[in-house]
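Below are the chains, spelled out letter by letter.
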Amino acid sequence: MTDTNTNMRLKLPITCFILEIILIILFGVLVEYDKETDAKKWHNSSHSEYDNDFYYRYPSFQDVHVMIFIGFGFLMTFLQRYGFSSVGFNFLIAALALQWATLMQGFFHGMHGGKIHVGVESMINADFCTGSVLISFGAVLGKTSPVQLLVMAVFEVTLFAVNEFILLSLLGTRDAGGSMTIHTFGAYFGLMVTRVLYRPNLDKSKHKNSSVYHSDMFAMIGTLYLWMFWPSFNSAITEHGDDQHRTALNTYYSLAACTLSTYAMSALTAHDGKLDMVHIQNAALAGGVAAGTAGEMMLTPFGSMIVGFVAGIISVLGYKYLSPILESKLKIQDTCGVHNLHGMPGVMGAIVGAVTASLATTEIYGDGMEDVFPDVADNTRSASSQGGIQAISLAVTLGMALVGGLLVGFIMKLPIYGAPSDASCFEDSIYWEVPGDEGSHEAQLTTVRTEEFAKPEETEKLN
Amino acid sequence: MTDTNTNMRLKLPITCFILEIILIILFGVLVEYDKETDAKKWHNSSHSEYDNDFYYRYPSFQDVHVMIFIGFGFLMTFLQRYGFSSVGFNFLIAALALQWATLMQGFFHGMHGGKIHVGVESMINADFCTGSVLISFGAVLGKTSPVQLLVMAVFEVTLFAVNEFILLSLLGTRDAGGSMTIHTFGAYFGLMVTRVLYRPNLDKSKHKNSSVYHSDMFAMIGTLYLWMFWPSFNSAITEHGDDQHRTALNTYYSLAACTLSTYAMSALTAHDGKLDMVHIQNAALAGGVAAGTAGEMMLTPFGSMIVGFVAGIISVLGYKYLSPILESKLKIQDTCGVHNLHGMPGVMGAIVGAVTASLATTEIYGDGMEDVFPDVADNTRSASSQGGIQAISLAVTLGMALVGGLLVGFIMKLPIYGAPSDASCFEDSIYWEVPGDEGSHEAQLTTVRTEEFAKPEETEKLN
Amino acid sequence: MTDTNTNMRLKLPITCFILEIILIILFGVLVEYDKETDAKKWHNSSHSEYDNDFYYRYPSFQDVHVMIFIGFGFLMTFLQRYGFSSVGFNFLIAALALQWATLMQGFFHGMHGGKIHVGVESMINADFCTGSVLISFGAVLGKTSPVQLLVMAVFEVTLFAVNEFILLSLLGTRDAGGSMTIHTFGAYFGLMVTRVLYRPNLDKSKHKNSSVYHSDMFAMIGTLYLWMFWPSFNSAITEHGDDQHRTALNTYYSLAACTLSTYAMSALTAHDGKLDMVHIQNAALAGGVAAGTAGEMMLTPFGSMIVGFVAGIISVLGYKYLSPILESKLKIQDTCGVHNLHGMPGVMGAIVGAVTASLATTEIYGDGMEDVFPDVADNTRSASSQGGIQAISLAVTLGMALVGGLLVGFIMKLPIYGAPSDASCFEDSIYWEVPGDEGSHEAQLTTVRTEEFAKPEETEKLN
């Protein structure tokens, strides 16, 4: 990380242009409309226009889309001088990742005569994969150049698709809301990357690694959109009917319970009982992560609330006690604390999913078993084997994330991407034209100040 | 309000934990999936997966959800030093209220074999009830501790459910968008609470009971989301088909007309003709409130626009002339002016609903009468009796709200909840860890300032 | 523009009241529910309640609605002292325009027995027309009074409806997302208006015609909502089924590719390689504009990405090199650079649409031809004639916009509307009650400052 030539004038355009041109060529060669989006194919069979899957997935897609761009983007604007980068790099790498994910997931999820088919489901899946990259972004936030992030996105999307393929296609794992594929993978991948990129002298920019009043307000926009739309996220690609409905409902209760336990723990762990915005902005979301696998199952509102309640407690404790240890002992500098929001709650969600799966019976699921556990419904495996598979999937995901993050971390460490120096981390102005910070009435005071500074005798006094 | 031990370290966690654990236990005992969310029950009958009510209610639910958490939350961030509390306590009490409301409404709206059934309709209803609590929160904003608010939420949700039961189930009142059940109830309940909690020396924190430039911008986010999604709010639980469609349309026109009259009145009532953000942020929404009851009826776009137009005028006049009188004469300190946004427009909406109902004829409604006025359609009562019932319902609601608010106000007045002192009202820092307020470039000035303060001779001079 | 009596006390209320009362009267005389919103008509025929178009258009409508009020409104808040006006006047003129557009479009699009029918389609169309007015608002942002803007809205909506009628009804042009009808029209209309309102001494307020840190953050909220929901915008009124689905998909890819090329060009065109918020906020959206006409066609993801990629490049180049020339040579002061975001990409979108249309074959479209090119499907015209018609439509639109903007510009130039003086442009405080700008902790410093200023000897020193 010693390369401080952070001028992006050539690096960023070259990277973006090369990546986008490759994408366009590959899309030209490989991608075609699926039968729901193709004028000819859709009109070839007899059905109502209203049967198009657009009407049953697109509202969920848009909610997910808001989570990716507004939710993740603004959640990370809490840093005082890094708002442009948080929301702007989030925007850039998400726009790249969703295109690349379409290809990678299309490739692994099954080609149709050599072609990748696209429609609203591929859009949702691509956004999901993008979410994983953005989680990793949270771990390295403030310490990487946009080129490094693009490189990370390309590799992480690829590994995400491999892991997802192993889980969903090879193992027959259930993970509708991605406790494993998205959250656990994204978090531990990012943690390993930030470990490899460890900066021993990061305290040089320590004073910028914190929030100010307004940046915390902007971050709450991100938090609330994530919180509100998480039920749509977890239910976006479950089977239609009761499955989507139930998943949304379970997630909604998990989040509500999580919010109460987050506030409780935030006050309890502070000497003066004051609430900490870091906890509210993040830990209150852990209930959504933890309901990511079991949300589509017959978890019941009761079970969902317990899951959310515990997730909130774990997450706050993580922010309060574990993160400092990870930094001091394991040299993991986790800017957004993704280990507390996505890592531990993701692992917890995987375990809850494994347990819930192993308890599945026909008495509970009836004919709905086919939607939730197709392998159990057709007697390919028992409910307890399904539970076992779910547990194995967690191990696979952790392995893929840690090894993948290690490798990609070393690629990102090459001193060619214009990473910021230790002293210029968490600072927009190295990559952005940053205007002043005066507001309307403020400006009058500014004028006075400027005059003040202009007077030599005053300036002398001040310095 | 003399207890100024505002340390929440034990009070808040204990309250949250007890409430959430009670909720979890009650959910475990009482709540089960309805037939649209249960894997077995849904797959027991023959229908398309696409018939699930999820697809016909969930988009509306998400719009309502955004109104509750972003809409109400950010609308109240207009105060200069109370943004964390506005959006944060809104988040906390909404997360509690929606859980408690599920139980209370489920209990009153009919149990199924001793069980409360949940699905997207219960989610919408719970959010509606929560909206009522948040309206009351607006009246006491800045003057209560989070524990007081949780206590208020528990009692208010209960009384809301009783009132809603009396109106919708016993009296057969129509109130799709809740002009009465939500707005009138929430407003007068909150006004009575704030009356009981009257603080004669509130002017000690007067300088903080106002906005700054950026806080007004944040508040506009809340306003616009409420404004845009109000058509979804009013139509969220009407009957399917023309009813939802018409309700959304009527509300849309009412709001548009209201916006024009709000801007007009805001300029007209200012000496210098300058627009007042308080009016724009609030009064422009009165059209949604006032169309809450009649919105589902054959009000016509023409009628809707008149309703919105008048509501905007009334609301601005309320902010300008009535609120100061309420405070000075009746000792009602209504921080957000909920009387002007929810109180008067709610009463107006109830009256418009009563009149519109009494004018209903088969000639106008055709077979659609059954959806809008089932009691009129099956000749249980005449249209004019329906109108009478609507009027009586307003009186019942006002009575319930005022008496309920009085009682709950006294409960909240107990000096055990850590309410802020008069001087520390409208101030985040008593309940929140509050960071500094410097932005990017500002920070350089801050450094100078800090040095300045550090110099003893300078500091002496300043003080 | 010499009338600096900017007091709106009578001008604004009179304008608003007259306009709204005229609207209400005309709605009373002319408007009635369509068969999907009318209780009697809907229940007259046999269909499922779920067949109501509400369920297939309303989610798209709400996305468009958010783009109009939050998207456009916050995109324009980038100016440091003009946030209230940006979001507030956007709100006002949009509320007016959508009502007036309902009448104008209803009139031109076909009356039913002397009546204009309204429902979710008219709501979407009205919002579309409003979008065009808001684009023009972007060109004159900061330099007009609210009364001027209302006058502009009334005339522009009327001309929009005429142009739309010529294109869609007379010529049989396809323009689902409005590259021509909305973007090209709105942009060139606004550019002509701002040309007529040219202010030679605008540099008097030059220091306010720029952003500050937080205003750029607010603007990003607008950008992202526009970006995320643009797929809904372009697909909102296409035919049901594959058409809506495909349009959303194409737009999504166009925007993703556009984002990459925007970031690349922004860094490339800066001496120090730093990204410029102006480009990110605006040019990244050009892909949505440029896919406005061809989006519903079989453009393919490949084609969509090329369109977006090129649009981003053109747009950044426009901001960087063309806008200064337009201002210095052609006296066009385009505050938001609508020429770069809506003008050039709109023209490009029209051309792409013409080319794509001329390449349409039955082999590609199958029976879907009827939805996309009904005139080609029924052999009224060939695909290449359709392409020709599309090209002619662009010319018609440009002509209507330029002549219309010229005329309306002169009407707006009358010195009776209270336009701001050159020195008070880009300034909220002439039309709004503007509070101070101090945040929470800042306030303590303010107190110190105030004391400081209060001390005569200090004040002397400072001045």
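Residues numbered from 1 in each chain as written. Chains lettered and ligands numbered in written order. Predicted model: local features only at pLDDT ≥ 70, side-chain atom pairs only at ≥ 80, totals over all residues. Heavy atoms only, no water.

### Some thoughts on the overall build of chain A
Link 1 in the chain: Counting its regular elements, chain A contains 19 helices and 2 strands.
Link 2 in the chain: Projected onto its principal axes, the C-alpha coordinates of chain A cover approximately 85 × 55 × 40 Å.
Link 3 in the chain: The contacts in chain A between residues at least 6 apart in sequence include a share of 82% that link residues at least 24 apart.
Link 4 in the chain: Summing over all exposed atoms, chain A offers an accessible surface of approximately 13,300 Å²; the carbon and sulfur share of this is 63%.
Link 5 in the chain: Separation between the mean location of the 25 positive side-chain charges and that of the 43 negative ones in chain A comes to 10 Å. (Helix = DSSP H or I, 4+ residues; strand = E, 2+ residues; numbered from the N terminus. Contact = heavy atoms within 4.5 Å. Areas by Shrake-Rupley, 256 points an atom, 1.4 Å probe, with all protein chains shown as cover. Lys, Arg positive; Asp, Glu negative; His and termini not counted. Charge placed at Lys NZ, Arg CZ, Asp CG, Glu CD.)

### A short note on the interface of chain B and chain C
Link 1 in the chain: On the side of chain C, 90 residues touch chain B, which itself brings 87 residues to the contact.
Link 2 in the chain: For the pair chain B and chain C, the summed buried surface comes to about 7,700 Å²; carbon and sulfur atoms form 68% of the total.
Link 3 in the chain: Our enumeration of links across chain B and chain C arrives at 0 salt bridges.
Link 4 in the chain: Inspection of the chain B/chain C interface yields 29 residue pairs in polar contact (both at pLDDT 80 or more). (Buried area = accessible area lost by both parts, 1.4 Å probe. Salt bridge = Lys/Arg side-chain N within 4 Å of Asp/Glu carboxyl O. Polar contact = N/O pair within 3.5 Å; in protein donor to acceptor, adjacent residues only side chain to side chain.)

### Remarks on the relation of the copies chain B and chain C
Link 1 in the chain: Superposing chain B onto chain C requires a rotation of 120 degrees together with a translation of 0.0 Å along the rotation axis, leaving an RMSD of 0.0 Å. Such a turn and shift between the copies fits a three-fold axis. When C-alpha distances to the rotation axis are compared across chain B, the minimum falls at P59 of chain B, with a value of 3.9 Å. (Least-squares fit on C-alpha atoms with pLDDT ≥ 70 in both.)

### Points about helix α4 (residues 83-108) of chain A
Residue and element names in this part refer to chain A.
Link 1 in the chain: A rise of 1.5 Å per residue sets the reference length of α4, with its 26 residues, at 38 Å; its end C-alpha atoms lie 36 Å apart and thus fit the reference within 8%.
Link 2 in the chain: For α4, a buried count of 24 out of 26 residues is recorded, marking the element as mostly surrounded by other parts of the structure.
Link 3 in the chain: G110, located one to two residues past α4, shows a positive phi value of around 115 degrees. (Expected span 1.5 Å × (residues − 1). Buried < 20%, exposed > 50% of the residue type's maximum accessible area, 1.4 Å probe, protein only.)

### A word on the interface of chain C and chain A
Link 1 in the chain: Taken together, the contact pairs 88 residues of chain C with 90 residues of chain A.
Link 2 in the chain: Roughly 7,700 Å² of surface becomes buried between chain C and chain A when both sides are summed, with 68% attributable to carbon and sulfur atoms.
Link 3 in the chain: When residues of chain C are sorted by the area they lose upon contact with chain A, Y213, H245 and Y252 of chain C head the list and together hold 11% of the total.
Link 4 in the chain: At the junction of chain C and chain A, the tally comes to 29 residue pairs in polar contact (both at pLDDT 80 or more).
Link 5 in the chain: Looking at which element gives the most residues to the side of chain C that touches chain A, the answer is helix α9 (residues 242-268) of chain C, with 20 residues.
Link 6 in the chain: Split by residue class, the side of chain C that touches chain A holds 46 nonpolar, 21 polar and 21 charged. (Nonpolar A, V, L, I, M, F, W, Y, C, P; charged D, E, K, R; others polar.)

### Some thoughts on the nonpolar core
Link 1 in the chain: Residues Y225 and W432 of chain A, F137, Y225 and W432 of chain B together with Y225 and W432 of chain C are the most contacted members of the largest nonpolar core, which totals 465 residues.
Link 2 in the chain: For Y225 of chain A, the contacting residues outside a window of four places in its chain are V66, M67 and I70 of chain A, V66, I70 and Y225 of chain B together with Y225 of chain C. (Core = buried A, V, L, I, M, F, W, Y, C linked by side-chain atoms within 4.5 Å.)

### Re the packing of aromatic side chains
All names here are of chain A.
Link 1 in the chain: Counting across every chain of the model gives 90 aromatic pairs over all chains.
Link 2 in the chain: Look at F54 and Y55: their rings are 5.3 Å apart centre to centre, the planes differ by 90 degrees, and that puts the pair in the edge-to-face class. Taken as a pair, F54 and Y55 share a single burial class, namely buried.
Link 3 in the chain: Positioned above the aromatic ring of Y198, the side-chain terminus of R195 is 5.8 Å from the ring centre. (Phe/Tyr/Trp six-rings, centres within 6.5 Å; stacked < 30°, edge-to-face > 60°. Lys NZ or Arg CZ within 6 Å of the ring centre and 35° of its normal.)

### Let's talk about the state of the cysteines
Link 1 in the chain: Tallied over the full model, the rule gives 0 disulfides over all chains.
Link 2 in the chain: With no disulfide of its own, C425 of chain B lies 14 Å from the sulfur of C336 of chain B, the closest cysteine sulfur. (Disulfide = S-S within 2.5 Å.)

### Looking at the packing of helix α6 (residues 146-171) of chain A against helix α17 (residues 383-413) of chain A
Residue and element names in this part refer to chain A.
Link 1 in the chain: At their nearest, the axes of α6 and α17 sit 10 Å apart, and the two run at 160 degrees to each other. When the axes of α6 and α17 are compared, the pair comes out roughly antiparallel. As α6 runs across α17, the sense of the crossing is right-handed. Contacts between α6 and α17 involve Q148, V151, M152, F155, L159, V162, N163, I166, L167 and L171 from the former and I389, S393, V396, T397, M400, G404, V408, I411 and M412 from the latter. (Axes fitted to C-alpha atoms, helices over the stretch in contact; angles between N-to-C directions. Parallel < 35°, antiparallel > 145°, perpendicular 65-115°, else oblique. Left-handed = near helix turned anticlockwise from the far one by under 90°.)

### Some points on unusual backbone geometry
Link 1 in the chain: Not every positive phi belongs to a glycine, and K331 of chain A is a case in point at roughly 60 degrees.
Link 2 in the chain: Note on placement: K331 of chain A falls in the loop between α12 (300-330) and α13 (338-358).
Link 3 in the chain: Here F426 of chain B, not a glycine, exhibits a phi torsion of approximately 55 degrees, which is positive.
Link 4 in the chain: For F426 of chain B, the position within the fold is in the loop between α17 (383-413) and α18 (442-454).

### So, the pattern of salt bridges
Link 1 in the chain: Overall, the coordinates contain 27 salt bridges over all chains when judged by the stated rule.
Link 2 in the chain: Here R381 of chain B ties to D375 of chain B by a salt bridge, and the two come within 3.2 Å at their closest N and O atoms. Taken individually, R381 of chain B and D375 of chain B each receive the classification buried, so the pair is uniform in this respect.
Link 3 in the chain: Between D242 of chain C and R246 of chain C there is a salt bridge; the shortest N-O distance is 2.9 Å.

### Thoughts on the confidence of the model for chain A
Residue and element names in this part refer to chain A.
Link 1 in the chain: The predicted model of chain A has a mean per-residue pLDDT of 93, with 93% of residues at 70 or higher.
Link 2 in the chain: Across residues 438-463, confidence stays below pLDDT 50; counting only partners more than four residues off in sequence or on other chains, it has 59 contacts.
Link 3 in the chain: This complex was scored by the predictor with a pTM of 0.94 and an ipTM of 0.94. (pLDDT = per-residue confidence, 0-100.)

### What to know about helix α6 (residues 146-171) of chain B
Residue and element names in this part refer to chain B.
Link 1 in the chain: When the terminal C-alpha atoms of α6 are compared, their 35 Å separation across 26 residues agrees well with the 38 Å that a helix rising 1.5 Å per residue should span.
Link 2 in the chain: For α6, the principal kink sits at F165 and spans about 25 degrees.
Link 3 in the chain: Phi turns positive one or two residues past the end of α6, at G172, with a value near 70 degrees. (Bend = angle between axes of the 7 residues up to and from the residue.)

### Concerning the side chain of E36 of chain B
Link 1 in the chain: With respect to the element layout, E36 of chain B can be found in the loop between β1 (31-33) and α2 (39-42).
Link 2 in the chain: Within the buried core, E36 of chain B has no salt-bridge partner, and the shortest N-O distance to an opposite charge, that of K35 of chain B, equals 4.1 Å.
Link 3 in the chain: In contact with E36 of chain B, not counting residues within four places along its chain, are D242 and H245 of chain A together with W42, D51, N52 and D53 of chain B.

### Details of a nonpolar patch on the surface
Link 1 in the chain: On the surface, L10, I14, I18 and I22 of chain A together with L268 of chain C cluster together to form a nonpolar patch covering roughly 440 Å² of accessible area.
Link 2 in the chain: No other element matches the 3 residues that helix α1 (residues 11-30) of chain A contributes to the nonpolar patch.
Link 3 in the chain: Considering the arrangement of structural elements, one finds I14 of chain A in helix α1.
Link 4 in the chain: In this structure I14 of chain A comes out as partly exposed when scored by relative accessible area, which is 47%. (Patch = residues over 30% accessible without salt bridge, like charges linked within 9 Å, V, L, I, M, F, W, Y side chains within 5 Å.)

### With respect to the packing of helix α7 (residues 179-196) of chain A against α17 of chain A
All names here are of chain A.
Link 1 in the chain: Where α7 meets α17, the closest approach of the two axes is 7 Å, and the angle between their N-to-C directions is 35 degrees. For the element pair α7 and α17, the recorded crossing hand is right-handed.
Link 2 in the chain: Considering only residue class, the contact of α7 with α17 consists of 16 nonpolar, 7 polar and 1 charged.

### Points about the environment of V162 of chain B
Residues and elements named next belong to chain B.
Link 1 in the chain: In this structure, V162 sits in helix α6.
Link 2 in the chain: By relative accessible area, which is 23% here, V162 ends up partly exposed.
Link 3 in the chain: Note: C-alpha distance between V162 and A377 (215 residues apart in sequence) is 26 Å.
Link 4 in the chain: Among residues more than four places away in sequence, those in contact with V162 are F108 and M400.

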